[in-house]
Amino acid sequence: MVLPTVGTPQGDVIVEADVIEKKRRKPYWRETKMLAFSTLILPGMLMLVLPFWSDELAGPTIIGFPVGFALAAHAVILVAVAAVARFILRQNEIDHWHGAHEDH
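### Some thoughts on the overall build of the chain
A count of helical and extended segments in the chain gives 3 helices and 4 strands. Taken from the N to the C terminus, the helices and strands of the chain come in the order β-β-α-α-β-β-α. Here the chain holds 104 residues, and 15% of them are scored as buried. Excluding contacts between residues fewer than 6 apart, the proportion of contacts in the chain whose partners are at least 24 apart in sequence is 54%. Only carbon and sulfur atoms are counted for the fraction: they give 69% of the accessible area of the chain, which is about 8,300 Å².

### Looking at the pattern of salt bridges
Per the counting criterion, the structure on display carries 2 salt bridges. Arg-90 serves as the salt-bridge partner of Glu-31, at 3.8 Å between the closest nitrogen and oxygen. Taken together, the positions of Glu-31 in helix H1 (residues 22-49) and Arg-90 in helix H3 (residues 67-98) put the pair 59 residues apart, joining distant regions of the chain. Its relative accessible area of 27% is what places Glu-31 among the partly exposed residues. Taking relative accessible area as the criterion, Arg-90 reaches 33% and is therefore assigned partly exposed. In this structure, Glu-93 and Arg-90 form a salt bridge, with 3.1 Å as the shortest nitrogen-oxygen distance. Of the two residues, Glu-93 and Arg-90 are both situated in helix H3; the distance of 3 residues between them amounts to about one turn of the helix. Where salt bridges share partners, they join Glu-31, Arg-90 and Glu-93 into one cluster.

### Comments concerning unusual backbone geometry
At Ile-63, a position not held by glycine, the phi torsion is positive, near 55°. Its location among the elements puts Ile-63 in the loop between strand S3 (61-62) and strand S4 (65-66). Judged by relative accessible area, Ile-63 falls into the exposed class, the value being 86%.

Thresholds, definitions, all that
Residues numbered from 1 in each chain as written. Predicted model: local features only at pLDDT ≥ 70, side-chain atom pairs only at ≥ 80, totals over all residues. Heavy atoms only, no water. Helix = DSSP H or I, 4+ residues; strand = E, 2+ residues; numbered from the N terminus. Buried < 20%, exposed > 50% of the residue type's maximum accessible area, 1.4 Å probe, protein only. Contact = heavy atoms within 4.5 Å. Areas by Shrake-Rupley, 256 points an atom, 1.4 Å probe, with all protein chains shown as cover. Salt bridge = Lys/Arg side-chain N within 4 Å of Asp/Glu carboxyl O.

Given below as structure tokens:
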């Protein structure tokens, strides 16, 4: 593996970098792509499927606003936030496993 160099007045200094070797890039990106895809499935399905239950969600109202719609909207947001949190934690694990982490 070739490490990048930085020019200084004293000469070139080799800087140790967290660079993934070429043979380990393919599995790294495969895991990252699968994680991204799996993260989008649940929130995406909720956003696509929830409108089909609009009649059932339009039941009780508070101040003229259907309670079911408000609860459904909040549920989608909470699921999306949880999915993003899971993505961040799992991506951090993948980065550490493949030696691509940014922490020093």
